[in-house]
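Chain residues, written in single-letter form:
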Amino acid sequence: MKRLIPQLGEATLQSRGDAFTTLARSIVGQQISVKAAQTVWDRFAALAPATITPASVLRLKVDDMRAAGLSARKVDYLVDLALHFDAGKLHVDAWRSMDDEAIIAELVAIRGVGRWTAEMFLIFHLLRPNVLPLDDVGLIKGISLGYFSGDPVSRSDAREVAEAWKPWCSVATWYIWRSLDPQPVAY
């Protein structure tokens, strides 16, 4: 980290400020490249009259969302996310005071939101400082390249490397991602 941080400039990890948008962007970005995710997001966002909100998503036609590049499964996930927000099933106002695992438990109850997506939410929306997303392919690849000369890395190896990062695992993860792609990652 001591070598990596000075190489990557002045950018910082920043929240987009909107919980629904952050989660929706995470769903759109699942299992595709950052560039592809941005393209699909732009097409999806263009479907809404003003901004993407739970209510605007619930008014969209499935065929239009599919034509924007979303799989049928991601459309289902985005609708379920919108329903959870619209119905007030989430403790949005309490998230700032809840611990990470309690928020993860609440979020994974939404279809399409697994642990990885919930961890991205903790990092990019709530700016939690000590999240270690061990299911993230980029993190594992970055640790492999940065600490193991490109040799395969287990979750246990990654966890061991990250011990030195505590209590700033989120920040270190962000720098690892940037070591692979200098463009700051944002959801």
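Rules and cut-offs
Residues numbered from 1 in each chain as written. Predicted model: local features only at pLDDT ≥ 70, side-chain atom pairs only at ≥ 80, totals over all residues. Heavy atoms only, no water. Axes fitted to C-alpha atoms, helices over the stretch in contact; angles between N-to-C directions. Helix = DSSP H or I, 4+ residues; strand = E, 2+ residues; numbered from the N terminus. Parallel < 35°, antiparallel > 145°, perpendicular 65-115°, else oblique. Left-handed = near helix turned anticlockwise from the far one by under 90°. Contact = heavy atoms within 4.5 Å. Nonpolar A, V, L, I, M, F, W, Y, C, P; charged D, E, K, R; others polar. 1 Å grid on protein atoms, 1.4 Å probe; cavity = no way out; pocket = protein on both sides within 12 Å on 5 of 7 lines; lining within 4 Å. Points joined across faces, edges and corners; volume = space filled by probe spheres on them.

It is the contact of helix α2 (residues 19–29) with helix α3 (residues 34–45), at a shortest axis distance of 9 Å, that shows an interaxial angle of 125°. Between α2 and α3, the crossing angle belongs to the class labelled oblique. Seen from above, α2 lies across α3 with right-handed handedness. Touching Thr-21, Ala-24, Arg-25, Val-28 and Gly-29 of α2 are Ala-37, Gln-38, Val-40 and Trp-41, all from α3. Looking at side-chain class alone, the contact of α2 with α3 contains five nonpolar, three polar and one charged residues.

What follows covers the environment of Phe-121. Along the chain, the position of Phe-121 falls in helix α8 (residues 115–124). Counting along the chain gives 14 residues from Phe-121 to Leu-107, while the straight-line C-alpha distance between them is 9.2 Å. What Phe-121 contacts, discounting residues up to four positions off in sequence, is Ala-19, Thr-22, Leu-23, Trp-95, Ile-103, Leu-107 and Leu-126.

Moving on to the layout of surface pockets. Counted as a void, the second largest pocket has a volume near 220 Å³. Lining the second largest pocket are Met-1, Lys-2, Arg-3, Leu-4, Gln-7, Gly-142, Leu-145, Gly-146, Tyr-147, Ile-176 and Ser-179. Secondary structure elements with two or more residues in the lining of the second largest pocket: α1 (4–7), α9 (137–147) and α11 (169–180). For the lining of the second largest pocket, the residue count by class is five nonpolar, four polar and two charged.

Interpretation in functional terms is not warranted from these geometric data alone.
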